[in-house]
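Descriptive structure summary
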Amino acid sequence: MTVQNGRELLAIPGPTTVPDEVLSAMHRPAVDLYSGEIISVTMSCISDLKKIIRTRSEPFLYAANGHGAWEAALVNCLSRGDRVLALQSGMFGGAWAEMAEVLGLDVEVLTAAPRRAISPDAVSDRLRADREHRIKAVLAVQIDTAAGIVNDVPALRQAVTDAGHPALFMVDTIASLACMPFEMDAWGVDVTVAGSQKGLMTPPGLAFVAAGERARAAHRHADLVTRYWDWSFREGDEHYQKYCGTAPEHLMFGLRRALDMLLEEGLEHVFRRHALLADATRAAVERWAEGGAFGFNVLEPVERSNSVTTLRFDETDPQRVIDFCRERCGVVLGIGIGPELSGRAIRIAHMGHVNAAMTLGVLGAFETALTALGIPHGKSGVAEAATSLGGALAVVPMA
Ligand SMILES: *Cc1c(COP(=O)(O)O)cnc(C)c1O
């Protein structure tokens with residue numbers, strides 16, 4: 001028996017649920033790429049992305065996924081043999097580092113303590129030791145979606161500044177932009193990397209890179225630049241140069257609608273919504289974890305991200321829960337990824353176009369799976385989630 005018919009809920013940390021409004025905005029014929037609407041859509045998306053990235057710099061648009069944005073950031077600012085310091089607290093910092101290595105950069109990885117965020121002190125110690133300033137860039141990730149960890153970006157930036165080090169500070173916000181606060185200019189971020197398919201509620205396939213003054217200065221003598229990624233070429237006079245070719249028109253139409261939705265809701269509200277749904281999820285997990293079969297991957301509560309919660313399993317095979325939720329309940333959960341968590345984790349996303357019904361529905365299916373599969377767990381995790389959310393939304397003072 002299954003109870004899976006009905007709309008499937010996608011609770012993986014990207015791609016996330018695409019709103020119907022965004023899908024409808026994409027359902028239309030292609031248009032001329034040299035004139036008319038695509039030009040105004042491009043320009044208005046650039047202008048609104050600046051509001052979301054919180055910068056005066058115009059972001060570059062790529063028909064690419066997040067990996068493309070990583071590559072664009074590296075090749076535009078760096079030269080063969082340059083040293084970069086990649087901060088690894090989960091999986092994505094390491095994957096960005098691997099890409100840097102393939103490009104011919106001299107890569108050093110600074111790894112966080114197990115299941116912890118990057119320590120700003122460790123970063124400033126490492127940079128202070130680099131007296132000759134051989135390190136040209138520091139690569140940080142705001143939310144690592146494998147571990148479910150949030151790094152303190154302003155504190156990491158401060159660590160670079162405290163060390164008196166001139167390295168460029170690059171931040172991957174692919175799983176955090178439009179999910180939690182990020183302030184490119186106010187925080188002193190030199191390069192911001194983002195993608196369409198997570199907090200921005202748009203199908204996968206668009207990547208964004210914003211570069212501040214220092215990054216643009218480095219760009220002028222970077223020798224890794226290739227034509228497709230090249231910021232200078234993309235700033236040429238012809239509109240098509242913004243994409244180095246045909247615009248990914250339908251993705252831009254979708255993005256236009258998604259940005260409207262985010263700005264209509266208001267970023268502060270968007271962040272608060274993510275925080276409340278993450279709190280509700282954590283309340284459920286905390287209760288379930290009393291059974292001993294699994295617990296939070298991230299040890300420090302303040303380092304648990306508001307876009308995805310990663311559960312680490314001991315003896316129990318998490319795949320049984322994932323399969324049950326998908327095949328019996330119509331809920332798609334994220335598998336564990338990376339050498340440490342592959343086959344040992346479940347990721348519950350609460351990112352992008354999500355509301356209380358969706359998150360509570362996902363948690364309800366999860367608890368149903370624990371019951372049906374006889375996995376030991378503290379009871380009424382879903383009730384804990386409802387209590388958490390009800391308290392946060394209380395219109396009458398709680399007794
Ligand atoms: C999803 C993700 C990526 C990779 O994005 P792709 O679009 O799959 O290339 C990179 N960094 C972080 C933090 C992510 O969550």
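Each chain carries its own residue numbering, running from 1 in the written order of its sequence. It should be noted that, the model being predicted, local features are given only for residues of pLDDT at least 70 and side-chain atom pairs only at 80 or more, the latter also being counted only at that level, while totals for whole chains, interfaces and linings use all residues. As a rule here, side-chain values cover all heavy atoms of the structure and leave hydrogens and water aside.

**So, the pattern of salt bridges**
When a carboxyl oxygen of Asp or Glu lies within 4 Å of a side-chain nitrogen of Lys or Arg, that pair is called a salt bridge. This structure, assessed with the given rule, holds 21 salt bridges. Of the charged contacts in the structure, one is a salt bridge between Arg 116 and Glu 303, with a shortest N-O distance of 2.8 Å. Residue Arg 116 is found in the loop between strand S4 (106-111) and helix H5 (120-129), and its partner Glu 303 is found in the loop between strand S11 (294-296) and strand S12 (308-313); the two are separated by 187 residues along the sequence. Only protein chains enter the area calculation, which uses a 1.4 Å probe; residues under 20% of their type maximum are buried, those over 50% are exposed, and those in between are partly exposed. Among the residues examined, Arg 116 registers a relative accessible area of 31% and is labelled partly exposed. By relative accessible area, which is 11% here, Glu 303 ends up buried. Linked by salt bridges that have partners in common, Arg 83, Asp 106, Glu 108, Arg 126 and Arg 134 make up one network. Secondary structure elements are taken from DSSP: a helix is a run of H or I of four residues or more, a strand is a run of E of two residues or more, and numbering for both begins at the N terminus.

**Topic: the pairing of S4**
Bridge analysis of strand S3 (residues 83-88) against S4 gives 6 bridges, and the strand direction is parallel. By the bridge assignment, Leu 85 is partnered in S4 with Glu 108. We call two strands paired when DSSP finds no fewer than two bridges between them.

**Focus: the sheet that holds S3**
Two modes of strand pairing occur in sheets, parallel and antiparallel, and in both the strands are linked by backbone hydrogen bonds. Taken in spatial order, the 7 strands line up as S2-S10-S9-S8-S5-S3-S4 in an open sheet, and their pairing is mixed. Two strands close off the open sheet at either side, each with one partner strand: strand S2 (60-62) and S4. This sheet shows a mean twist of 20 degrees between the axes of neighbouring strands, independent of strand direction. As paired strands, strand S9 (residues 191-195) and strand S10 (residues 207-211) are joined by 5 bridges and run antiparallel to one another. Bridging from a neighbouring strand, Val 193 pairs with Val 209 of S10. Structural elements are reduced to axes, namely lines fitted to C-alpha atoms, with helices fitted over the stretch in contact, and the angle between N-to-C directions of any two is expressed from 0 to 180 degrees.

**Re the environment of Ser 35**
As for its position among the elements, Ser 35 is in the loop between helix H1 (20-26) and helix H2 (37-53). Taking the C-alpha atoms as reference, Ser 35 lies 9.7 Å from Tyr 240; in sequence the two are 205 residues apart. By the criterion applied in these results, polar contacts are pairs of N or O atoms within 3.5 Å in which, for protein atoms, one can donate a hydrogen and the other can accept it, and in which residues neighboring in sequence qualify only through two side-chain atoms. A distance of 2.6 Å separates a polar atom in the side chain of Ser 35 from a polar atom in the side chain of Asp 32.

**With respect to the sheet that holds strand S1 (residues 9-11)**
With mixed pairing, the 5 strands of this open sheet are ordered in space as S1-S13-S14-S12-S11. Looking along the sheet, the strands with just one partner apiece sit at the ends: S1 and S11. Averaged over all adjacent pairs, the angle separating strand axes in this sheet is 30 degrees, with direction ignored. Inspection of the sheet shows strand S13 (residues 331-335) paired to strand S14 (residues 345-349) by 2 bridges, in the antiparallel sense. In the strand pairing of S14, Ile 335 is matched with Ile 346. Between two residues, a contact is recorded if the distance between any of their heavy atoms is within 4.5 Å. Helix-sheet contacts for helix H12 (residues 318-329) involve S12, S13 and S14, and the interaxial angle to S13 is about 155 degrees.

**Notes on the nonpolar core**
In this structure, Leu 87, Phe 169, Leu 200 and Met 252 are the most contacted members of the largest nonpolar core, which totals 53 residues. Looking at this core element by element, the count peaks at 8 residues for helix H10 (residues 249-265). Residues within four places of Met 252 in sequence aside, it is in contact with Ile 38, Val 41, Thr 42, Cys 45, Leu 61, Leu 206 and Tyr 243. Buried residues of nine kinds, namely Ala, Val, Leu, Ile, Met, Phe, Trp, Tyr and Cys, make up a nonpolar core once their side-chain atoms join them within 4.5 Å. Among the nonpolar cores identified, the runner-up in size contains 38 residues, and Cys 77, Leu 78, Phe 92 and Ala 218 belong to it.

**Regarding the packing of aromatic side chains**
The geometry of two aromatic rings is summed up by the distance between their centres and the angle between their planes. Only the six-membered ring of Trp is used, alongside the rings of Phe and Tyr, when aromatic pairs are assigned; centres must lie within 6.5 Å, and planes under 30 degrees apart are stacked while those over 60 apart are edge-to-face, with the rest tilted. This structure, assessed with the given rule, holds 10 aromatic pairs. Aromatic pair Phe 60 and Trp 231: ring centres 5.2 Å apart, planes at 5 degrees, arrangement stacked. Highlighted residues: Phe 60 in strand S2 and Trp 231 in helix H9 (residues 231-234), separated in sequence by 171 residues. The burial state of Phe 60 is the same as that of Trp 231; both residues are buried. Ring centres of Tyr 228 and Trp 229 lie 5.0 Å apart, and the angle between their planes is 75 degrees; this geometry places the pair in the edge-to-face category. The class for Tyr 228 is partly exposed, based on a relative accessible area of 28%. For Trp 229, a relative accessible area of 12% puts it in the buried group. Aromatic ring contacts, followed pair by pair, group Trp 288, Phe 294, Phe 313 and Phe 366 into a single cluster. Just above the ring of Phe 253 sits the side chain of Arg 28; from NZ or CZ to the centre is 3.9 Å. When the ring centre of Tyr 228 is taken as reference, the NZ or CZ atom of Arg 234 above it lies at 4.7 Å. Distance and angle both matter: a charge sits over a ring if NZ of Lys or CZ of Arg is within 6 Å of the ring centre and within 35 degrees of the ring normal.

**What about helix H4 (residues 92-102)?**
Among the residues making up H4, those that are buried are Phe 92, Gly 93, Gly 94, Trp 96, Ala 97, Met 99 and Ala 100. Gly 104 occupies a position one or two residues after H4 and carries a positive phi of about 95 degrees.

**Some words on the site of the ligand**
Residues in contact with the ligand amount to 13 residues; listed here are only the nearest, His 67, Thr 145, Asp 172, Gln 197 and Lys 198. The side chain of His 67 places a nitrogen or oxygen atom 2.4 Å from an oxygen atom of the ligand. The side chain of Gln 197 places a nitrogen or oxygen atom 2.7 Å from an oxygen atom of the ligand. Exposure was quantified through the Shrake-Rupley algorithm and a 1.4 Å probe, taking into account, for residues, occlusion by the shown protein chains and nothing else. Taken by itself the ligand offers 380 Å² of open surface, and the protein chains cover 89% of this. It is helix H3 (residues 66-77) that contributes the most residues to the shell around the ligand, 3 residues altogether. Note on residue categories: nonpolar means Ala, Val, Leu, Ile, Met, Phe, Trp, Tyr, Cys or Pro, charged means Asp, Glu, Lys or Arg, and polar means any other residue, Gly included. Class assignment for the residues of the shell around the ligand results in 6 nonpolar, 5 polar and 2 charged. Here a residue is near a molecule or strand as soon as one of its heavy atoms is found within 4 Å of it.

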